Amino acid sequence: MRRKIVAGNWKMNNDLSGTEALLNDLIALVPNTEATVMVAPTFVNLFQAFNVLKGHNIEVIAQNMHQEPNGAFTGEISAQMLKSVGVNTVILGHSERRAYFGETDELLAKKVAAALSNELQVVFCFGEELEDRKSGRHFSVVEEQLKNALFHLQTSDWEHIILAYEPVWAIGTGETASPEQAQEMHAFIRKTISEKFGDQVGTTVSILYGGSVKPTNAAEIFAKQDVDGGLIGGASLKAEDFVAIINAI
Ligand code: 13P
């Protein structure tokens, strides 16, 4: 059985008091659900997020990490540092990391390997740009991203991988992939993974959709067969909206 997951990627939003306030709102509002609910606050608030959420069913995850275990990498955070404050899951490959911080598939392959060797679960993000879709290259771009960053994995590693398809043109733009576009791509991703790692992996890996998911469109996207939940940006910053999206699953 694939896990249903709704994860909020807070990006560079919410200072300490904003983090505490939003988490307390979520504690009050998040329903009992079989879905896994995750939130990704900024690094400096991870420790306090765990304190606030103690005993509650919301998982705190990280937005990024460095591939090396330690050393002279000013401003960076290692897997072990994340583990030491309680983090078990890290987002890697977000399109903003790729676009603004030069993260390549090759670098991401190293980050994924480092995360897994530190027993961190990975939410791996990928997705095509608008020009790719306009020119009909979206499937081949996505396939390349998967191949370059994830095809070095062992079959057993896939227990610790969650995929997040986030078409770049839908992130923060208010433009969402239609449920049909999401389903078509998710089915393609599942087929690509099945062909390389076998049906057992392909049918059990959770594939989230991300890109302008809102309370108004979540249900129809989540209803699609190969969509196992969402990675939510803007709408995860308002407790009512995030909870409405959780309810949609
Ligand atoms: P938005 O929901 O704001 O489009 O962001 C999606 C995203 O980038 C989640 O990682």
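That block above? That's the structure.
Residues numbered from 1 in each chain as written. Predicted model: local features only at pLDDT ≥ 70, side-chain atom pairs only at ≥ 80, totals over all residues. Heavy atoms only, no water.

Caption draft 1: The side chain of T192, seen in detail. Note on placement: T192 falls in helix α8 (residues 179-197). Contacts of T192, omitting those with residues within four sequence positions, involve E143, L146 and F151. (Helix = DSSP H or I, 4+ residues; strand = E, 2+ residues; numbered from the N terminus. Contact = heavy atoms within 4.5 Å.)

Caption draft 2: How the structure looks around helix α1 (residues 16-29). An ideal rise of 1.5 Å per residue puts 20 Å on 14 residues; α1 measures up with 20 Å between its terminal C-alpha atoms. Of the residues making up α1, those classed as buried are G18, T19, L22, L23 and L26. All buried residues of α1 project into a common sector of 125° when viewed along the axis, lining one side. As for α1, its buried residues are in contact with β2 (36-40), α2 (46-53), β3 (58-60) and α11 (239-248). (Expected span 1.5 Å × (residues − 1). Buried < 20%, exposed > 50% of the residue type's maximum accessible area, 1.4 Å probe, protein only. Arc of directions from axis to C-beta.)

Caption draft 3: Just the environment of V37, in detail. Residue placement: V37 occurs in strand β2. Judged by relative accessible area, which is 3%, V37 ranks as buried. In the structure, V37 is positioned 20 residues away from N57 in sequence and 7.3 Å away in space, judged by C-alpha atoms. Residues contacting V37, with those up to four places away along its chain left out, are V6, V30, N57, I58, E59, F242 and I246.

Caption draft 4: Fine view of the nonpolar core. Counting residues in each nonpolar core, the largest one holds 65 residues, and the members touching the most others are L26, W158, L163 and I189. Element by element, the count of residues in this core is highest for α8, at six residues. Among all residues touching L26, those that are not within four sequence positions of it are W10, V39, I58, A239, F242 and V243. By size, the runner-up hydrophobic cluster in this structure holds 12 residues, among which are A40, I61, I162 and L231. (Core = buried A, V, L, I, M, F, W, Y, C linked by side-chain atoms within 4.5 Å.)

By themselves, these observations are geometric and do not establish any function.
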